[in-house]
Amino acid sequence: MKKIFLALTAILFALPMTAKKHLSPAQQLLERLTKLQSRGVMIGHQDDPMYGIAWSWERGRSDVKEVCGDYPAVMGFDLGKMELGSSENLDGVPFSRMREEIALQHQRGGISTLSWHPWNPATGEKAWDPSGQAVTKILPGGALNAKFCIWLNCVAAFIKSLQTPDGQRIPVIFRPWHEMTGDWFWWGSKSCTTEEYKQLYRYTHDYLLEKGCDNIVWAWSPGGGDQNEYLKHYPGNEYVDVLGVDTYQFDDNPDAYQATVRRDLQRMTEAAKQTGKLAAFTETGCQNVQDATWFTRVLLPMLKEQPLSYVLVWRNAWDQPKENYMPAPGRPTAADFVDFYNDPLTLFSKDIKGK
Ligand code: BMA
């Protein structure tokens, strides 16, 4: 009897372990994101280890770490220009370095998310050229579909190449075709129909899966324009894991920013409840932030009001004085960011390591 009991216990304990082995890297990350959400909101920063306000390309540096002592829990990187066969992205980040930093971030227990600002395939201009009806042309049956497949092949090869030294694929959150409610991108509200947009997202999803990218958690984030109906451009439950929203403060009016963000986050988290998805504040920040208490007074209270997986603050460009959103040593926001870091809600790299 005792032996049978012991055997049964052993089987019961072994079961979840074996089940876990069959989860893809993407499913493992999604499970982890779900667990981590009950601990707090992960803080993210675009291009964090690549450059900061007063430095560029030096290894081991990070404005966030130099201000508060830890790396962000989430790091964002952009694939734009990869589709043209370039070895560097649109902001000069070498893709080889990006691969390296994603592996380092994974090693320290952190998470990476990828956005993509691809060139306009119809006009040859940057992503911010809404002309040329590019979406219609790249979908199956369109004149530029073959070209688009080559672009997707580049993305698939890069995402599949994200691996640990022992060859395990590193999962990432991929957030293509963002801010489609705005009219500035070639996949935006004025450049294609809502149905075409959804087809584009689904096509990208299916294509990359077909190519074997089993390490993608799919994020989808409206931003700008009319978002009254948050799910208007939603590709569907089978295609998206994380709902997002992109909202910035580009002026000196934190009250207006807060009002917009509150509205956006509320709509998003309601949709997340309805669809059973996670929700994240996928891009934000105050451009050229000088307001000394912006992080604890403006951003933090809003992070406390809704269940959020993470917030991604945009980049500290070393070569564009106004394009900075995170603190750095000596900046007016640095002291307040330490308080933001010390708040029990905010999670940085060490807070999530091994969790
Ligand atoms: C934008 C700006 C640009 C940058 C782009 C992609 O919001 O920061 O300077 O090229 O994101 O990172």
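Structure: see above.
Because the structure is a prediction, the values reported are computed rather than measured. Starting from 1, residues in each chain are numbered consecutively following that chain's sequence as written. Given that this is a predicted model, residues contribute local features only at a pLDDT of at least 70 and side-chain atom pairs are listed and counted only at 80 or more, while totals for whole chains, interfaces and linings are drawn from all residues. The basis for the side-chain values is all heavy atoms of the structure; hydrogens and waters are excluded.

1. Details of the overall build of the protein chain
Here comes step 1: Helix and strand assignments come from DSSP, with helices taken as H or I runs of at least 4 residues and strands as E runs of at least 2, each series counted from the N terminus. Within the protein chain, the secondary structure is distributed over 11 helices and 11 strands.
Here comes step 2: Radius of gyration means the value over C-alpha atoms here, while the globule rule gives 2.2 Å times the residue count to the 0.38 power. In terms of overall size, the protein chain behaves like a compact globule, its C-alpha atoms giving a radius of gyration of 21 Å where 355 residues would be expected to give roughly 20 Å.
Here comes step 3: Projected onto its principal axes, the C-alpha coordinates of the protein chain cover approximately 75 × 55 × 40 Å.
Here comes step 4: Expressed as a percentage of the 355 residues in the protein chain, the buried residues total 55%.
Here comes step 5: Considering only contacts in the protein chain between residues 6 or more positions apart, those separated by 24 or more positions represent 73%.
Here comes step 6: Each accessible area value is a Shrake-Rupley result obtained with a 1.4 Å probe; residue values ignore everything except the protein chains displayed when judging cover. Accessible area for the protein chain stands at about 15100 Å²; split by element, carbon and sulfur atoms hold 54% of it.
Here comes step 7: Of the side chains in the protein chain, 38 bear a positive and 42 a negative charge, and the two mean positions are spaced by 8 Å. Buried residues are those whose accessible area, probed at 1.4 Å on protein chains only, stays under 20% of the maximum for their type, while exposed residues exceed 50% and partly exposed ones sit between those limits. The contact rule is simple, with two residues in contact once any of their heavy atoms fall within 4.5 Å. Positive charges are assigned to Lys and Arg, negative charges to Asp and Glu, while His and the chain termini are left out of the count. Taken as the charge centre is NZ of Lys, CZ of Arg, CG of Asp or CD of Glu, depending on the residue.

2. Describing the packing of aromatic side chains
Here comes step 1: Working definition: a ring pair exists when centres of Phe, Tyr or Trp rings (six-membered ring for Trp) sit within 6.5 Å. Plane angles under 30 degrees give stacked, over 60 give edge-to-face, the rest tilted. Under the counting rule described, the total for this entry stands at 26 aromatic pairs.
Here comes step 2: Taking 5.6 Å as the distance between ring centres and 35° as the angle between the ring planes, the aromatic pair formed by tyrosine 257 and tryptophan 294 counts as tilted. With tyrosine 257 in helix H8 (residues 254-275) and tryptophan 294 in helix H9 (residues 294-303), the pair connects residues that are 37 residues apart, well separated along the chain. Each member of the pair tyrosine 257 and tryptophan 294 is classed as buried.

3. Describing helix H10 (residues 334-342)
Here comes step 1: Taken together, the buried positions of H10 are occupied by Ala334, Asp336, Phe337, Phe340 and Tyr341. Considered in projection along H10, the buried side chains sweep an arc of 150° and stay on one side of the axis. In H10, those exposed residues whose orientation departs by more than 90 degrees from the buried face are Ala335 and Asn342. Think of the arc as the fan of directions from the helix axis to the C-beta atoms.

4. Re the pairing of strand E1 (residues 41-46)
Every other side chain in a regular strand lies on the same face of the sheet, so the side chains alternate between the two faces.
Here comes step 1: With respect to burial, E1 is a largely interior element, 6 of its 6 residues being buried.
Here comes step 2: Here E1 shows no split at all, with Val41, Ile43 and His45 on one side and Met42, Gly44 and Gln46 on the other all buried.
Here comes step 3: Across 2 bridges, E1 lies against strand E11 (residues 346-347) in parallel orientation. Each bridged residue has a counterpart across the sheet, and for valine 41 the counterpart in E11 is threonine 346.
Here comes step 4: The criterion for strand pairing is that DSSP finds at least two bridges linking the strands in question. Of the pairings in the sheet, the one linking E1 to strand E10 (residues 310-313) comprises 4 bridges and is parallel in character. Bridge pairing links isoleucine 43 to valine 311 in E10.
Here comes step 5: Direction of pairing for E1 relative to strand E4 (residues 74-78): parallel, over a ladder of 3 bridges. By the bridge assignment for E4, histidine 45 is matched with methionine 75.

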